[in-house]
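# Residue-level structural notes
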Amino acid sequence: YREPMTLTWDNATLVAGNAYTFGVSVYNPGGKPAAASNYWGLSLLDMTLKVFDANLNIPGLDLRSIPLRVYGIGWTSAAPKVLAVVMIQMRVLHPIPGGTVTAMTIRAPEGVMFSEDLSTFRVIPMPLPLQSDMGITIAGDVMILNMDVRRDIFAGLYNVRFEVINPTVYPHDNTWSVSAMKNIDIEFSHTLTGYVPGQISPYDLSIVSNTGGALDTLAALSWERLASGRSASSPSSWAASRRWRRRLEGPRLARRLCCG
């Protein structure tokens, strides 16, 4: 048994009918929890600390072992009603065999519209193995990246960039989600806090978009060696890869408190 986490509102009112979203960073257990205990609990207490409502049977995720990590999200503009570039950064820790993941989905907050101009979609410094004919599809607030199941997903860093139209009013549930699917099964999922007007992106997208050529190749090869447990071929290439990794990765975002 662990002591519950307490979230306190000082002199604030929860409005009936409004949606409120919050998130905390956690370390998943080393193995699957027993099905009978894989539940979260949420209790609402009044000012006298008496429970007036609760749900102690919120199903937990079915933990899987896909070697994928999502580091964070960046954007060029958080202003309402403008065309912006969004980048989601993820890392594949070691190669994922073809067919293990058939699609990746990116779900935007309500009101955020994906651009229909798919020519602006990019993955750098190296591409994902997408299908040649229907690699990207848009279904409302979801972008689907359809994988070529005949090809492996290599270990390394992937910066997924695309254009969106920001909403007029940002939703209360202002979250993005990234999922890796095998057919209809969710093998991996991660939730990111969305941006709001006036918020500065933690990633400089101009640096990420302007990298290319030999330096990208060097960084990609160095990351492959690091992911497979081998060192770079020389101290100079190791130092260069570390410098470019710091510039490309930027700060890793923890899931933070997000409320409407």
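Here goes a summary of the coordinates provided. (Residues numbered from 1 in each chain as written. Predicted model: local features only at pLDDT ≥ 70, side-chain atom pairs only at ≥ 80, totals over all residues. Heavy atoms only, no water.)

Another point: the overall build of the chain. A count of helices and strands for the chain gives three helices and 12 strands. A burial count over the chain gives 38% of its 260 residues as buried. Considering only intrachain contacts with a sequence separation of at least 6, the fraction spanning at least 24 residues in the chain is 68%. When the accessible surface of the chain is totalled, it reaches about 15,400 Å², and 56% of it is carbon and sulfur. (Helix = DSSP H or I, 4+ residues; strand = E, 2+ residues; numbered from the N terminus. Buried < 20%, exposed > 50% of the residue type's maximum accessible area, 1.4 Å probe, protein only. Contact = heavy atoms within 4.5 Å. Areas by Shrake-Rupley, 256 points an atom, 1.4 Å probe, with all protein chains shown as cover.)

Attention now moves to unusual backbone geometry. In this structure, the amide linkage connecting Ile 124 to the following residue, Pro 125, adopts the cis form with an omega of 5°. One can find Pro 125 in the loop between β7 (122-124) and β8 (136-139). One non-glycine residue with positive phi stands out, namely Leu 49, at about 65°. With respect to the helices and strands, Leu 49 occurs in the loop between β1 (39-45) and β2 (51-59).

As summarised here, the arrangement of the five strands in space is β8-β9-β5-β11-β12, forming an open sheet in which the pairing is antiparallel. For this open sheet the edge positions go to β8 and β12 (185-193), each flanked by a neighbour on one side alone. Each adjacent strand pair in this sheet contributes to an overall mean axis angle of 15°, direction not counted. Relative to strand β9 (residues 142-146), β8 runs antiparallel, the two being bridged by four bridges. Residue Thr 137 lies in a different strand from β9, and its bridge partner there is Ile 144. (Pairing = 2+ DSSP bridges. Axes fitted to C-alpha atoms, helices over the stretch in contact; angles between N-to-C directions.)

With that settled, the discussion passes to the nonpolar core. Counting residues in hydrophobic clusters, the biggest one holds 39 residues, and the most contacted among them are Ile 88, Leu 145, Phe 162 and Trp 176. For this core, the leading source of residues is strand β4 (residues 83-92), giving five residues. Within the second largest apolar cluster, six residues are counted, among which are Met 87, Leu 157, Tyr 203 and Leu 205. (Core = buried A, V, L, I, M, F, W, Y, C linked by side-chain atoms within 4.5 Å.)

Another point: the pairing of β2. Here β2 lies mainly on the outside; zero of its nine residues are buried. Here six bridges tie β1 to β2, and the two strands are oriented antiparallel to one another. Residue pairing in the sheet places Ser 43 in a bridge with Ala 54 of β2. Remark: five residues form the turn of the hairpin made by β1 and β2, two consecutive strands paired antiparallel; Leu 49 in that turn has positive phi of roughly 65°.

This part takes up the packing of aromatic side chains. For the coordinates displayed, the defined rule picks out five aromatic pairs. With a centroid separation of 6.4 Å and 80° between ring planes, the pair formed by Phe 114 and Trp 176 is classed as edge-to-face. Taken together, the residues span a long stretch of sequence, with Phe 114 in strand β6 (residues 113-114) and Trp 176 in strand β11 (residues 175-182) at a distance of 62 residues. For Phe 114, a relative accessible area of 6% corresponds to the buried category. Counting every residue linked through ring pairs, the aromatic cluster contains Trp 75, Tyr 170 and Tyr 195. (Phe/Tyr/Trp six-rings, centres within 6.5 Å; stacked < 30°, edge-to-face > 60°.)

You can see Met 134 is positioned in the loop between β7 and β8. Taking the C-alpha atoms as reference, Met 134 lies 9.7 Å from Ile 144; in sequence the two are 10 residues apart.

Before going further, it helps to spend a moment on the pattern of salt bridges. Applying the stated rule across the entire model yields two salt bridges. When the shortest N-O distance is used, the salt bridge between Asp 148 and Arg 150 registers 3.0 Å. Under the relative-accessibility criterion, Arg 150 is labelled exposed at 72%. (Salt bridge = Lys/Arg side-chain N within 4 Å of Asp/Glu carboxyl O.)

Within the element layout of this structure, Ser 115 appears in the loop between β6 and β7. Among the polar contacts listed, one links the side chain of Ser 115 to the backbone nitrogen of Asp 117, at a separation of 3.2 Å. Not counting the four nearest positions on each side in its chain, Ser 115 is found in contact with Glu 163 and Val 164. (Polar contact = N/O pair within 3.5 Å; in protein donor to acceptor, adjacent residues only side chain to side chain.)

Considering the arrangement of structural elements, one finds Gln 89 in strand β4. At 3.5 Å, the side chain of Gln 89 forms a polar contact with the side chain of Tyr 203.

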